[in-house]
Structures are given as C-alpha cells and as structure tokens.
Amino acid sequence: MAHPLTEKITQQLTQQQASGLLRQRKMVGTDPANVDFSHNDYLGLASSTELAQALYQGALTYGVGSKASPLVSGYGAAHQMLEQKLCDITDHQACMLFCSGFSANSALMKTLFDRTDVVIADKLVHASIIDGLVDSGAKLVRYLHNDIDSAARLLAKHPNNVLITESVFSMDGDIAPINALSALCQQHNSWLIVDDAHGFGVVDPRGSAAITAKQVDIQIVTFGKALGCQGAAILASQDVIDFLVANTRHYIYSTALSPANAYLAYAAIELIEKSPQLQTQLNDNISLFRALASQAGVKLTASQTAIQPIIIGDNTLTMTVADSLAQKGFKVGAIRSPTVPVGSARLRITLNAKHTSAQIHQLVAQLALLLIDQPNENP
Ligand SMILES: Cc1ncc(COP(=O)(O)O)c(C=O)c1O
C-alpha cells in the first residue's frame, strides 16, 4: 500500500499541474531569456564589483560564519555596526538582524501578539506577516487595500491596537499612504508597523520620502531587494527590541546572520548613499517603460514604482505570455494565485537602474505584440 503522504503529494502535484499552478525552479543562466525584468535588485547592486570586494573584506575581517545564535556568541562588531547604521538612517532607537525578511516578519508577529490581541492589516500584506499572525493566534481584521476610510473604520472599532501595512506592495507596486495611516494610528492610540521590504534603499535612505521612526513604530527592512544582498532587520524603540531579543524563538534558536553578510549590507547602504545617480537611473527607466507602454497600448496599473504589473487574469495564459517573452530573450515574473487573488494572475515586470533604454524599448515592443487580442484586464 502506498504511504498516505505519497498519495497526498501525488494528488496535489497532479491538481496543481492541471490548474496551471505547479511552481518549478529554473536555474538562472540556463534560461534562454537573457534580459531580466523579474528580480528585486532595483539598483543593480547584486552584481556590483565594489560589493563583492566588501563581502571578501567582511569575511576576512569578521569571518564567514557567525558560529552561534545571537544570544550565545553569534553577535559581533559587524552586526553592531550595521544595526547602528540602520538606526542612524531611520531614527529608530534599536535594531535586530535576521537572515531573511520572511523570518523577521513571521518572528515579529508571533512574538508580539497572542490570542488576546486584535491586529488590523491591509488586505494584501505579505504571506510572512499572515503566517506569523496565524501562529500568534491573534484576531486578524483586514481593511481594503490602501483604503484609508476602510482602515479608519476598523481603527475606530478596535482602538488601542496595531495596524500593519507594506510601504511598497510587492505584487502591485503601489505605495501605502503612510503619513495618513500614521496620523490615523496616533488618533486611535494604535501602533503602525510597516514592512518596508520594497521601499528601503529604493528612495534616498536619508531623503524626505524615506520612512522613519517619525511615522512608524516598528519598521522591517530587507537586504535582498534594493541592497542586492541578503538578510533583514526589525527597527523599533529600545524596549520593543529588548523584548524581542529576549523572547523571539526564531532569533534565540537560530544561527545569527553571517558577519560577512552584515558587513556587506552595511557596505551596500554606504554605496547607495554615495550613488544618488542609481535612484535617478531607476526612476528614468520606470518613466520610460510607462511612457512606451502607454504609446503601445499596453495597459498598466497606476503603479509608479519599479514594480509594474500587467494583469492578465488567467493562470495558464499568464504563463504562456511569460514563456513567449522568455523565448524572445526577456525574463519577467509570472504571478498566480495564491500569491495574488484568484483571477488576477499577472506579469510582474520589475525595472532596475541597470536596464538600458534599448532593452526597455524591446521589451515593450514584445509586450505589445503578445498582448494584442489578449484580455489584458488592467483598468
Ligand atoms: C513585502 C515583503 N516582505 C517580506 C519579504 C521577505 O523578504 P526576504 O526575501 O528577505 O525573505 C518579501 C519577499 O519577497 C516581500 O515581498
């Protein structure tokens, strides 16, 4: 008799294959697509020679591995330096590092909340937040995506609580009304938690548009997007971080972020600070893509960020269009449910500072050819 788990696995794989939802890895470099419009390396730092040298330098100076969890002996000078840098930029009092943003978000939710809490969150917050909240047992109530009136109604009904949003939404690229949410939270004696994964570093880290402790109580930043490397941090008041350090199981029972990676993230922030032209190039590329798409009749959403979704709706059709683009030499994200709501499967096109104008022209030309006669459902 087949093992019950074998049956379960076979059944699920068959179902996912049939509904166009079977996810598979493709090794980078073996794909015929050679111009990549799918990743989150918005400033093109993942392949920076300067950062490769920083990683080497960090490994030589601080070691390749942290050897233990932070509370044992895994917390060293490189970690402390990065934490201080992050606090200086954001004005938060204290910081703690994680090996990934997923782990930081889940750990934060699970440690901060329990079944006596009510948590208000945007309808589209990241899976890592939802998973952590489910683990915490807190009651989750969700407001309509980026809808300030809907958030206000829930805060009025559940004051003295916490509201959670992303800054730039990962699958839609739109920006949360942080200042308005912050004012609402203050009005209702509630904390604001912002997952700044796709915002941090994309705008000038010390510029007026950057998110800081002035607006948010707890901020999560990740290093795997604009910083081009790996890891994440939670930033908050000293009391909150002291509480999290003492109680977060993901932190206490896990090997600390490698010191070489901590130093790398530190170097990436310094590189961003001294290279404002990277942000200008990215913004120019976003504007060019949107202008060309509009001229070619390719329907986009209102997103003004590096994340430019093209909603197709049907899972299989979305995969077909992405595969056709790959054959023409362009890799774009193909996003299906449950990552996005059923019926809103999409191409997720991400611009970065290193794309050339010619590459963007060519991509839009291919999109126009492929999307003619297709139900491109964007407003
Ligand atoms: C909004 C958001 N938060 C958190 C994460 C997780 O970050 P990491 O990739 O560092 O695990 C992601 C990753 O895709 C994300 O999009």
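All of these numbers come straight from a predicted model, not from anything done at the bench.

### Considering the packing of helix α2 (residues 49–62) against helix α11 (residues 259–274)
Axis separation between α2 and α11 bottoms out at 8 Å; the angle between their running directions is 140 degrees. With respect to the hand of their crossing, α2 and α11 are arranged in right-handed fashion. Every residue of α11 that contacts α2 at E50, L51, A54, L55, Q57, G58, A59 and Y62 is listed here: P259, A260, N261, Y263, L264, A267, A268, L271 and K274.

### Quick word on the packing of aromatic side chains
By the definition in use, this model includes four aromatic pairs. Considering the side-chain rings of Y62 and Y263, the 5.7 Å spacing of their centres and the 40 degrees angle between planes classify their relative orientation as tilted. Residue Y62 is found in helix α2, and its partner Y263 is found in helix α11; the two are separated by 201 residues along the sequence. A ring pair is formed by F98 and Y251, whose centres lie 5.6 Å apart and whose planes are at 50 degrees; its orientation type is tilted. Placement of F98 in strand β2 (residues 94–98) and of Y251 in helix α10 (residues 249–252) is noted, with a sequence separation of 153 residues between them. Here the two residues F98 and Y251 agree in accessibility, since each one is buried. Counting every residue linked through ring pairs, the aromatic cluster contains Y62, Y263 and Y266.

### Comments concerning the nonpolar core
Grouped together as the largest cluster of nonpolar side chains are 63 residues, with contacts concentrated most on L86, F223, L347, I349 and L367. Three or more residues apiece are contributed to this core by two domains, here domain 1 (27–43 + 276–371) and domain 2 (49–274). Ranked by size, the runner-up nonpolar core spans 28 residues in total, among them V125, A138, A232 and A236.

### Quick look at the state of the cysteines
Applying the stated rule across the entire model yields zero disulfides. Looking at C87, it has no disulfide partner, and the nearest cysteine sulfur is the one in C95, 5.1 Å off. Among the residues examined, C95 registers a relative accessible area of 6% and is labelled buried.

### Things to note about the domain arrangement of the protein
Put simply, an interface is often sized by how much accessible area is lost when its parts join up. Looking at the assigned domains, one finds that the protein contains domain 1 (27–43 + 276–371) and domain 2 (49–274). One C-alpha centre belongs to domain 1, the other to domain 2, and the line joining them spans 27 Å. Domain 1 puts 18 residues into the contact, and the matching count from domain 2 is 20 residues. Note on domain 1 versus domain 2: buried area summed over both sides is about 1400 Å², and carbon and sulfur give 61% of it. With a shortest N-O distance of 3.2 Å, R346 and D172 are connected by a salt bridge. Counting across the domain 1 and domain 2 interface gives seven residue pairs in polar contact (both at pLDDT 80 or more).

### With respect to the site of the ligand
Taken together, S100, G101, F102, N105, H126, E166, S170, D195, A197, H198, T222 and K225 make up the full set of residues adjacent to the ligand. A distance of 2.6 Å is found between a nitrogen atom of the ligand and a side-chain nitrogen or oxygen belonging to D195. Within the contact set of the ligand, an oxygen atom lies 2.6 Å away from a side-chain nitrogen or oxygen of H198. Isolated, the ligand exposes 390 Å² of accessible area, and the fraction of that covered by the protein chains is 81%. In terms of residue count, helix α5 (residues 101–112) provides more of the shell around the ligand than any other element does, three residues in total. Broken down by class, the residue content of the shell around the ligand amounts to two nonpolar, seven polar and three charged.

### Section: the UniProt feature "domain: Aminotransferase class I/classII large" (unreviewed entry) in the protein
If you check UniProt for "domain: Aminotransferase class I/classII large" (unreviewed entry), the listed places come out as residues 35–366 in our numbering. Counting secondary structure, residues 35–366 comes out at 45% helix and 17% strand; the distance between its end C-alpha atoms is 13 Å.

Each value, and the rule that gives it
- Residues numbered from 1 in each chain as written.
- Predicted model: local features only at pLDDT ≥ 70, side-chain atom pairs only at ≥ 80, totals over all residues.
- Heavy atoms only, no water.
- Axes fitted to C-alpha atoms, helices over the stretch in contact; angles between N-to-C directions.
- Helix = DSSP H or I, 4+ residues; strand = E, 2+ residues; numbered from the N terminus.
- Left-handed = near helix turned anticlockwise from the far one by under 90°.
- Contact = heavy atoms within 4.5 Å.
- Phe/Tyr/Trp six-rings, centres within 6.5 Å; stacked < 30°, edge-to-face > 60°.
- Buried < 20%, exposed > 50% of the residue type's maximum accessible area, 1.4 Å probe, protein only.
- Core = buried A, V, L, I, M, F, W, Y, C linked by side-chain atoms within 4.5 Å.
- Domains from an automatic or database assignment.
- Disulfide = S-S within 2.5 Å.
- Buried area = accessible area lost by both parts, 1.4 Å probe.
- Salt bridge = Lys/Arg side-chain N within 4 Å of Asp/Glu carboxyl O.
- Polar contact = N/O pair within 3.5 Å; in protein donor to acceptor, adjacent residues only side chain to side chain.
- Near = heavy atom within 4 Å.
- Areas by Shrake-Rupley, 256 points an atom, 1.4 Å probe, with all protein chains shown as cover.
- Nonpolar A, V, L, I, M, F, W, Y, C, P; charged D, E, K, R; others polar.
- UniProt positions renumbered as here; feature names shortened; annotations may be inferred.

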